[in-house]
Amino acid sequence: MPEPDFARMPLPWRAGVVALCVGGGAVLGLVGTFAHQSLPPVGVGIALVTVGLYIVGLRAWGGVRTPAAAGSIGVAAIVGPLASAGGSTVLVPANTAGYVWLAGVTAIVFFALAWPHIQQAPRRQTDTMEQYPDVDSPADSTSR
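Anyway, here's the lowdown on the structure attached to this text. (Residues numbered from 1 in each chain as written. Predicted model: local features only at pLDDT ≥ 70, side-chain atom pairs only at ≥ 80, totals over all residues. Heavy atoms only, no water.)

Two elements in contact, helix 2 (residues 11–35) and helix 4 (residues 66–83), have axes whose closest approach is 7 Å; the angle formed by their N-to-C orientations is 35°. Crossing angle aside, the handedness with which helix 2 passes helix 4 is right-handed. Residues Val18, Cys21, Val22, Gly25, Ala26, Gly29, Leu30 and Thr33 of helix 2 form the contact with helix 4, whose own contacting residues are Thr66, Pro67, Ala70, Gly71, Gly74, Val75, Ile78, Val79 and Leu82. (Axes fitted to C-alpha atoms, helices over the stretch in contact; angles between N-to-C directions. Helix = DSSP H or I, 4+ residues; strand = E, 2+ residues; numbered from the N terminus. Left-handed = near helix turned anticlockwise from the far one by under 90°. Contact = heavy atoms within 4.5 Å.)

So this is what it looks like as structure tokens:
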């Protein structure tokens, strides 16, 4: 079975991909935290779908959990402090949309990282006509 795309990369490239995944997760966490209160209840749904597609996409692309974990760390590194920001700024208020945003991000990250890697059975190479050059194909036998 071939190795996943992420595992075949050289170490400096993997470090760069991890940094990009953290940065992308941080951007989505920031935008989602600001946007989840807009257009209730559609805003929180769009924010959760966006974060979910990003984390699940990283998990599917990488074949291993490292890119998805890095993206999850980026999301959590922004959403957590912004949700518990003290003072007069309340970015995630204690309302339904705020609770759905925090619980939804947590559930997305948990399920994307906990999902097992499903290994496919190795496929047997199928026979083709090119493997048997001495056998006439049906198209050749009718044209004679």
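With 19 residues, helix 5 (residues 96–114) should reach 27 Å at 1.5 Å per residue; the first-to-last C-alpha distance of 26 Å fits that figure. Taken as a whole, helix 5 has its buried residues at Ala97, Gly98, Trp101, Gly104, Val105, Ile108, Val109 and Ala112. Across the axial projection of helix 5, the buried residues extend over an arc of 135°, all falling on one side. In helix 5, the exposed positions that point more than 90 degrees away from the buried face belong to Thr96, Tyr99, Thr106, Phe110 and Phe111. (Expected span 1.5 Å × (residues − 1). Buried < 20%, exposed > 50% of the residue type's maximum accessible area, 1.4 Å probe, protein only. Arc of directions from axis to C-beta.)

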